[in-house]
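Letter by letter, the chains look like this.
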Amino acid sequence: MSTENAQPTTDSQPPTSQGQPELSLQTTPNGKKLLSLDGGGVRGYSSVLILQAIMEEVKKIETNGQDDGKERKPCDYFDLCGGTSTGGLAALMLFRLEMAPSAVKTAYEDLAPPDLRRAQEGQPCPKRAINDLVKKHAVNAQDLEKGGNAPLLQSDEKKPKMFMCATLEDHDNKVLLKSYHVPYDEKAPREGIKHDFWDSITILQAARATSAAPLYLPKAEYKAHALTDGGLLNNNPIDQVWDARFDLVEPRQPAPDVSVVISLGTTREDEKVKLAADHLMLQLYSRTFGKVLEDMVEIGRNVIDGIATASQAGGEFIDSLYKVLNFTTNTEARHLDFRRRLYFEQGHGRQAGTPQTRYYRFDADVPKPIALDDLAGMRKSLVTETETYLANEKTQGKIAECARLLAKT
């Protein structure tokens, strides 16, 4: 698959210096295709809208603009997908359950209201909703019979591959809950956990783990271990997706060629809006936790660590809040870091025309903060702002390039 004529509207290169021309890159032919999905609560709906637009463009290319009545599924085009938090749930639906973007959009509408009502009551992601979802979109007999209690792991190696990020609290490190088996490598570091430890995790347990955002949903449990939202350690899983490309080859084999990596954000705000969002979150939590949080707004985050040592209960809560405010805004930094990493891993751009991995980042801009649980914002401003972003000429150019790389022609 060649893109000699494609101009570099991608994010594969760091910003160029004045007077330094960008290089037109040719992608690696027949390489693997990777998809990364950020966390962000109901804002994940924006990611699904963007992905749907990409797949619609793929369809146009494959049918020469004719409508064949068949919606393109990402699981038929990407070799691997990874997501965290709401992105983890989207990865589950798109790849483990092989759903089309339109069906995932419906699931967001159906699942979000009961999820958030139960969150306010301190209850985990509802079992019934997950059971119904899995049975409705079952891809094997176990899914149909067990629903949410069906294993996340697929025995068929030909099935689409995906993983969800979570945080293993007692080990204080991130874990990848995978739908596929990885051949055992005795030299791989395990950090005290056996290589097959996660093989029996169910879809429901994994869904609860990746979405267990502090202060929104309670921790998940698996084999006496506590699991929380993967976004606590990395809300943009692009590095995990890139590293997991080694799962597509045998242990200790060279990395597979990758033709394209697509990373989807859950909207971004400018610095003033981010500060307003932080303040909004503090105000939201202060309704429940009272004056201590109102004082925190005035004192500032610089002294949160000091306050957190005041008491066991208060310290745990403030520590969780501090993590939420900082880690949920790291997605843009992760994107920029990965763009630089990819550029230098590929030899500083090499020469014009040399086959390389193409990297695309999509993240709709919003003029005001949208909270993780703002259902009204999802249905109104989030959709409007994402559609505006998709109508932008530069965005359309990037979507067209992605579609050409993905299309089966």
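Let us look at the structure shown here.

1. A few points about the overall build of the protein
Of regular secondary structure, the protein possesses 14 helices and 10 strands. By the burial criterion, 52% of the 409 residues in the protein qualify as buried. Here the protein displays about 19100 Å² of accessible surface, and carbon together with sulfur accounts for 48% of that area.

2. Concerning the pairing of strand β3 (residues 80-84)
Most of β3 sits inside the fold, with 5 of its 5 residues counted as buried. Residues of β3 alternate between two faces, with Leu80, Gly82 and Thr84 on one and Cys81 and Gly83 on the opposite face, all of them buried. Pairing geometry for strand β2 (residues 32-37) and β3, over 4 bridges, is parallel. If you follow Leu35 over to β3, its bridge partner there is Cys81. Taking the sense of rotation as the criterion, the β-α-β connection linking β2, helix α1 (residues 44-63) and β3 turns out right-handed. Alignment of β3 against strand β4 (residues 162-168), held across 4 bridges, turns out to be parallel. What sits directly across from Gly83, in β4, is Met164.

3. Considerations on unusual backbone geometry
Despite not being glycine, Glu98 has its phi angle at roughly 55 degrees, a positive value. Checked against the element boundaries, Glu98 lands in the loop between α2 (86-96) and α3 (101-120). At Arg252, a residue that is not glycine, the phi angle is positive and equals roughly 65 degrees. On the secondary structure map, Arg252 appears in the loop between α7 (238-243) and β8 (258-264).

4. Digging into the packing of α2 against helix α6 (residues 203-210)
Taken N-terminus to C-terminus, the directions of α2 and α6 make an angle of 145 degrees; their axes are 9 Å apart at the nearest point. Contacts between α2 and α6 involve Gly88, Leu89, Leu92 and Arg96 from the first element and Ile203, Ala207 and Thr210 from the second. In terms of residue class, the contact of α2 with α6 is made up of 4 nonpolar, 2 polar and 1 charged.

5. Focus on the nonpolar core
Among the nonpolar cores identified, the biggest contains 65 residues, and Ile262 and Phe362 are the most heavily contacted of them. Top element by residues in this core is α1. It accounts for 9 residues. Leave out the neighbours within four places in its chain, and Ile262 touches Leu34, Leu35, Ser36, Ile54, Phe78, Tyr360, Phe362, Cys402 and Leu406. One finds Leu34, Phe163, Val258 and Tyr359 within the second-largest nonpolar core, a separate group that totals 14 residues.

6. Things to note about the packing of aromatic side chains
Enumeration according to the criterion identifies 4 aromatic pairs in this entry. An angle of 90 degrees between the planes, with centres 4.8 Å apart, marks the rings of Phe197 and Trp198 as edge-to-face. Residue Phe197 is classed as buried on the basis of its relative accessible area, which comes to 14%. Seen in terms of ring centroids, Tyr343 and Phe344 are 5.3 Å apart; in terms of plane orientation they differ by 80 degrees. Their pairing is edge-to-face. Given the relative accessible area of 16%, Tyr343 is considered buried. Classification of Phe344 as partly exposed rests on a relative accessible area of 45%. Members of the aromatic cluster, joined through ring pairs, are Trp242, Phe338 and Tyr359. When the ring centre of Trp242 is taken as origin, the NZ or CZ atom of Arg245, which lies over that ring, is 4.0 Å away. Directly above the ring of Tyr77 sits Lys408, whose terminal nitrogen or CZ lies 4.7 Å from the centroid.

Scoring rules and cut-offs
- Residues numbered from 1 in each chain as written.
- Predicted model: local features only at pLDDT ≥ 70, side-chain atom pairs only at ≥ 80, totals over all residues.
- Heavy atoms only, no water.
- Helix = DSSP H or I, 4+ residues; strand = E, 2+ residues; numbered from the N terminus.
- Buried < 20%, exposed > 50% of the residue type's maximum accessible area, 1.4 Å probe, protein only.
- Areas by Shrake-Rupley, 256 points an atom, 1.4 Å probe, with all protein chains shown as cover.
- Pairing = 2+ DSSP bridges.
- Right-handed = clockwise from strand over helix to strand, strands pointing away.
- Axes fitted to C-alpha atoms, helices over the stretch in contact; angles between N-to-C directions.
- Contact = heavy atoms within 4.5 Å.
- Nonpolar A, V, L, I, M, F, W, Y, C, P; charged D, E, K, R; others polar.
- Core = buried A, V, L, I, M, F, W, Y, C linked by side-chain atoms within 4.5 Å.
- Phe/Tyr/Trp six-rings, centres within 6.5 Å; stacked < 30°, edge-to-face > 60°.
- Lys NZ or Arg CZ within 6 Å of the ring centre and 35° of its normal.

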